[in-house]
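Descriptive analysis of the structure
Given next are the chains, with one letter for each unit.
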Amino acid sequence: MLDDSLLVSDESLEKIRYFSSDSRIVCDMLSMCFDGCVANEASRSRVTNTLEKQVFHRLSSLYRGLAERLFNQLGAQLPQDSGTMNPEPGYIATAYLAAMNASDKKFTHRVMIVNWQVIKRVGMLVRKLQDRRFAKKIVDDLACIQMVLDTTQQRRKSAKLSR
């Protein structure tokens, strides 16, 4: 006779598989999105141009939404530290800090460059996810952020705000 407590549901097996393969990737993406949320919100308070205030607020909101989606995917459990650090999140955090420390004339451009780097790096990590349904949701969120960045780039050129 089998003890029911030893039986594992399909949902539990899926979570176990998820935490063994995708959780570290999701944590790296979460870190970069959280940094994007914070850096763009801080940038919003630093700019005086209405267009840039709106853009930084929108980007911060989009990164926050994506970070929440990633965090919810992890659930209450975070993976154990493997002892090896993926350099991607650290690089993004450092790049945002450097951009925020730039002169007033250059910082907006530098923050936008880091935003593009986040899209690229998170996009590369999404390709590594085994949960393809979840990956498609992340790609949709990235597409929204990319559309804001594309539109902003065009508006900045039209308003002669580039660099």
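Now for a look at the structure at hand.

**Some points on helix 4 (residues 87-100)**
Over its 14 residues, helix 4 runs 20 Å from end to end, which matches the ideal 20 Å to within 8%, given 1.5 Å per residue. All buried positions along helix 4 are accounted for by Glu88, Pro89, Ile92, Ala95, Tyr96, Ala99 and Met100. The buried residues of helix 4 occupy an angular sector of 130° when the element is viewed end-on, so they sit on one face. Turned more than 90 degrees away from the buried face of helix 4, the exposed residues are Pro87, Thr94 and Leu97. Along its buried surface, helix 4 packs onto helix 2 (23-46), helix 3 (50-74) and helix 5 (104-126).

**Points about the packing of helix 2 against helix 5**
For the pair helix 2 and helix 5, interaxial distance at closest approach is 10 Å and the crossing angle is 160°. The angle between helix 2 and helix 5 places the two elements in the roughly antiparallel class. The element helix 2 and its partner helix 5 pack so that their crossing is left-handed. Where helix 2 approaches helix 5, its residues Ile25, Asp28, Met29, Met32, Asn40, Ser43 and Arg46 are matched on the opposing element by Asp104, Phe107, Val111, Asn115, Val118, Arg121, Val122, Leu125 and Val126.

**A short note on the nonpolar core**
The biggest cluster of nonpolar side chains holds 42 residues, and the ones touching the most others in it are Met29, Leu70 and Ile138. The set of elements that each furnish at least two residues to this core consists of helix 2, helix 3, helix 4, helix 5 and helix 6 (132-158). Counting residues per element, this core draws most heavily on helix 3, at 10 residues. When residues no more than four places from it in sequence are discounted, the contact partners of isoleucine 138 are Met29, Leu66, Arg69, Leu70, Val122 and Val126.

**Points about the packing of aromatic side chains**
Within the structure shown, the criterion is met by zero aromatic pairs. Over the ring of phenylalanine 107 we find arginine 46, and its NZ or CZ is 3.9 Å from the ring centre.

**Structural notes on the side chain of arginine 121**
Looking at the secondary structure, you find arginine 121 in helix 5. Take arginine 121: its relative accessible area is 18%, and that puts it in the buried class. When neighbours within four sequence positions are excluded, arginine 121 is seen to be in contact with Met32, Glu88, Tyr91 and Ile92.

**Remarks on the state of the cysteines**
Throughout the structure, instances matching the rule amount to zero disulfides. With no disulfide partner, cysteine 37 has as its closest neighbouring cysteine sulfur the one in cysteine 33, 9.4 Å distant. Judged by its relative accessible area of 10%, cysteine 37 falls in the buried class.

**Comments concerning the packing of helix 3 against helix 6**
Between helix 3 and helix 6, the least distance of the axes is 11 Å, while the angle of their chain directions is 170°. Classified by the interaxial angle, the pair formed by helix 3 and helix 6 is roughly antiparallel. In contact with Leu51, Glu52, Val55, Arg58, Leu59, Leu62, Tyr63, Leu66, Arg69, Leu70 and Gln73 of helix 3, helix 6 contributes Phe134, Lys137, Ile138, Asp141, Leu142, Cys144, Ile145, Val148, Leu149, Thr152, Arg155 and Arg156. Looking at the contact of helix 3 with helix 6 residue by residue, the classes come out as 14 nonpolar, two polar and seven charged.

**Quick look at the environment of isoleucine 25**
On the secondary structure map, isoleucine 25 appears in helix 2. As a C-alpha pair, isoleucine 25 and lysine 128 span 103 residues in sequence and 7.7 Å in three-dimensional space. Beyond its immediate sequence surroundings of up to four residues, isoleucine 25 is in contact with Leu125, Lys128 and Leu129.

Conventions adopted
- Residues numbered from 1 in each chain as written.
- Predicted model: local features only at pLDDT ≥ 70, side-chain atom pairs only at ≥ 80, totals over all residues.
- Heavy atoms only, no water.
- Helix = DSSP H or I, 4+ residues; strand = E, 2+ residues; numbered from the N terminus.
- Expected span 1.5 Å × (residues − 1).
- Buried < 20%, exposed > 50% of the residue type's maximum accessible area, 1.4 Å probe, protein only.
- Arc of directions from axis to C-beta.
- Contact = heavy atoms within 4.5 Å.
- Axes fitted to C-alpha atoms, helices over the stretch in contact; angles between N-to-C directions.
- Parallel < 35°, antiparallel > 145°, perpendicular 65-115°, else oblique.
- Left-handed = near helix turned anticlockwise from the far one by under 90°.
- Core = buried A, V, L, I, M, F, W, Y, C linked by side-chain atoms within 4.5 Å.
- Phe/Tyr/Trp six-rings, centres within 6.5 Å; stacked < 30°, edge-to-face > 60°.
- Lys NZ or Arg CZ within 6 Å of the ring centre and 35° of its normal.
- Disulfide = S-S within 2.5 Å.
- Nonpolar A, V, L, I, M, F, W, Y, C, P; charged D, E, K, R; others polar.

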